[in-house]
Amino acid sequence: TSKDAAKPKHKSSNFAALVHTHRSGSRLQHRMLYATESPSWHNALEQRRCWPTLSWKARPVALSREAATSAMRFSLPDPNTSPVCVTNLVDDWVKPLCLEYSGLLVKRPFFGKWDAYQPDIDDAHLRRFGKGESLRMTIVNERDEVLRLKQLHTSVEQLLSTAGLPDGLSKQIFCDALSIGKSVGALCPSARELEVKLEIFGENSCKRWHQDNYMGRAIVSYTGRTGTEYTGDANVDFWELRNCGNNQCIIKDENNINAVSVGDILFMKGLKYPVGANGLVHKSPAATYHPDGRVVNRLCLKVDVS
């Protein structure tokens, strides 16, 4: 938001920012729109090949990591050691800085908030979700955000009506689905459709480390002990991953495994994500059990793009 962004002191920095310059009276003002650590993105950003929201008058410049982190309002981990970028809002996911990460995460202090509804989720699992253990709706990924939100509104209402979950939990899922669907649709404009799913996991989770063979998936867990586990590429033996190795052979160091918390929103880029880093290596958490031996059913919202 200052002239410092347009005239950086750190000429050797690897960072680039997209700066919009406009005249206010007799003064020129500079506003940083986006930042990225990859100089190779300069031309793509300038020519508007990546994101349709960029300004025609924007231009790339260099700046320091500290300036970029401060201006972007969220943490900027080294993509070589952490594959996931933590942002404040799902709307931040469309910023080119996030191209360098195979996962995007919004943390929320929800752990344990919905545990009292575990009996309702167990009942829904038995009575309303059926053998597939999921409810799903597919919508067209409209370029017009208003039309996309209208479809999401109708589809999510239908899903929640069928699920028959408690009102407080249903309201949270409804708000999350609209927010995530809006952002994921904008993040993947080439995707024709979005699939919104409510799914209950017990013993039926995917426990093996893998990469998704589609564009991406956003996921939120509302119950359970923990959420999706993930790790960086440097911690993975990819030969074992691709040739049916077991989890112990795939992971080099179990101390470098991370897990999102219940309530966090995670977007996992698949192998078909078209731009930047992709293929987050992840798996479902191990099943947990009640003291009487019954499995703890984990309720999840997913928004998939194929």
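A brief look at the structure comes next. (Residues numbered from 1 in each chain as written. Predicted model: local features only at pLDDT ≥ 70, side-chain atom pairs only at ≥ 80, totals over all residues. Heavy atoms only, no water.)

1. Observations concerning the overall build of the protein
Phase 1: The number of helices and strands found in the protein is 8 helices and 13 strands.
Phase 2: Scored against the burial criterion, the 306 residues of the protein give a buried share of 53%.
Phase 3: For the protein, the proportion of contacts with a sequence separation of at least 24, taken over those separated by at least 6, is 74%.
Phase 4: Summed over its atoms, the accessible surface of the protein is roughly 14,900 Å², and 50% of this surface lies on carbon and sulfur atoms. (Helix = DSSP H or I, 4+ residues; strand = E, 2+ residues; numbered from the N terminus. Buried < 20%, exposed > 50% of the residue type's maximum accessible area, 1.4 Å probe, protein only. Contact = heavy atoms within 4.5 Å. Areas by Shrake-Rupley, 256 points an atom, 1.4 Å probe, with all protein chains shown as cover.)

2. Observations concerning the pattern of salt bridges
Phase 1: Applying the stated criterion to the full structure yields 13 salt bridges.
Phase 2: One salt bridge in this structure joins glutamate 195 and lysine 197, with 4.0 Å as the shortest N-O distance. Across the pair, lysine 197 and glutamate 195 agree in class, each one buried.
Phase 3: Across the pair arginine 294 and aspartate 292 runs a salt bridge, and its minimum N-O distance is 2.8 Å.
Phase 4: Accessibility expressed as a relative area gives 52% for aspartate 292, which makes it exposed.
Phase 5: Several salt bridges converge on common partners, so that one network encompasses Arg136, Glu195, Lys197, Arg217 and Asp304. (Salt bridge = Lys/Arg side-chain N within 4 Å of Asp/Glu carboxyl O.)

3. A closer look at the side chain of aspartate 212
Phase 1: Mapped onto the elements of the fold, aspartate 212 is located in the loop between strand E7 (193-201) and strand E8 (216-221).
Phase 2: We note that aspartate 212 is buried and unpaired, the nearest opposite charge coming from arginine 217 at a distance of 4.9 Å.
Phase 3: Among the polar contacts made by the side chain of aspartate 212, one reaches the side chain of histidine 210 at a distance of 3.3 Å.
Phase 4: Not counting residues within four places of it along the chain, the set of residues in contact with aspartate 212 comprises Met268, Gly270, Leu271 and His282. (Lys, Arg positive; Asp, Glu negative; His and termini not counted. Polar contact = N/O pair within 3.5 Å; in protein donor to acceptor, adjacent residues only side chain to side chain.)

4. Focus on helix H4 (residues 118-127)
Phase 1: For H4, the set of buried residues is Gln118, Ile121, Asp122, Ala124 and His125. Buried positions in H4, seen along its axis, are confined to an arc of 160 degrees and lie on one side of it. Opposite the buried face of H4, by more than 90 degrees, sit the exposed residues Pro119, Leu126 and Arg127.
Phase 2: Where the residues of H4 are buried, they touch helix H5 (145-163), helix H6 (167-187), E7 and strand E13 (298-305). (Arc of directions from axis to C-beta.)

5. Topic: the pairing of E8
Phase 1: Burial of E8 is extensive: 6 of the 6 residues sit out of reach of the surface.
Phase 2: Side chains of E8 alternate between two faces, with Gly216, Ala218 and Val220 and Arg217, Ile219 and Ser221 buried alike.
Phase 3: With 5 bridges connecting them, E8 and strand E11 (residues 265-269) associate as antiparallel partners. Along E11, the bridge assignment pairs glycine 216 with lysine 269.
Phase 4: Two elements, E8 and E13, share 6 bridges in a ladder whose sense is antiparallel. For valine 220, the partnering residue across the bridge sits in E13 and is leucine 301. (Pairing = 2+ DSSP bridges.)

6. Observations concerning the sheet that holds strand E10 (residues 258-259)
Phase 1: As summarised here, the arrangement of the 3 strands in space is E10-E9-E12, forming an open sheet in which the pairing is antiparallel. Among the strands making up the open sheet, the edge pair consists of E10 and strand E12 (281-283).
Phase 2: Bridging between strand E9 (residues 229-231) and E12 involves 3 bridges; their strand directions are antiparallel. What sits directly across from threonine 231, in E12, is valine 281.

7. A few points about the sheet that holds E13
Phase 1: Read across the sheet, 7 strands follow the order E4-E5-E11-E8-E13-E7-E6 without closing on themselves; strand pairing throughout is mixed. With partners counted over all chains shown, the strands left at the sheet margins are strand E4 (84-87) and strand E6 (134-140), one partner each. Averaged over all adjacent pairs, the angle separating strand axes in this sheet is 15 degrees, with direction ignored.
Phase 2: Where E7 meets E13, 7 bridges bridge the pair, whose relative direction is antiparallel. Within E13, the position partnered with valine 196 by the bridge is valine 303.
Phase 3: Of the strands in this sheet, E6 and E7 are in contact with H5, which crosses E6 at around 165 degrees. (Axes fitted to C-alpha atoms, helices over the stretch in contact; angles between N-to-C directions.)

8. Section: H6
Phase 1: Taking 1.5 Å of rise per residue, 21 residues should cover 30 Å, and H6 covers 30 Å from first to last C-alpha, within 8% of that figure.
Phase 2: Counted residue by residue, H6 has 15 buried out of 21 residues, so it is predominantly covered. (Expected span 1.5 Å × (residues − 1).)

9. Brief notes about the nonpolar core
The nonpolar side chains of a soluble globular protein tend to be buried, and buried together.
Phase 1: Membership of the largest hydrophobic core comes to 46 residues, with the highest contact counts inside it found for Trp93, Ile173, Val184, Phe267 and Leu299.
Phase 2: Tallying contributions element by element places H6 first for this core, with 8 residues.
Phase 3: Once residues lying within four places of it in the same chain are set aside, the contact partners of phenylalanine 267 are Trp93, Ser102, Gly103, Leu104, Val184, Leu187, Cys188, Gly216, Arg217, Ala218, Tyr273 and Val305. (Core = buried A, V, L, I, M, F, W, Y, C linked by side-chain atoms within 4.5 Å.)

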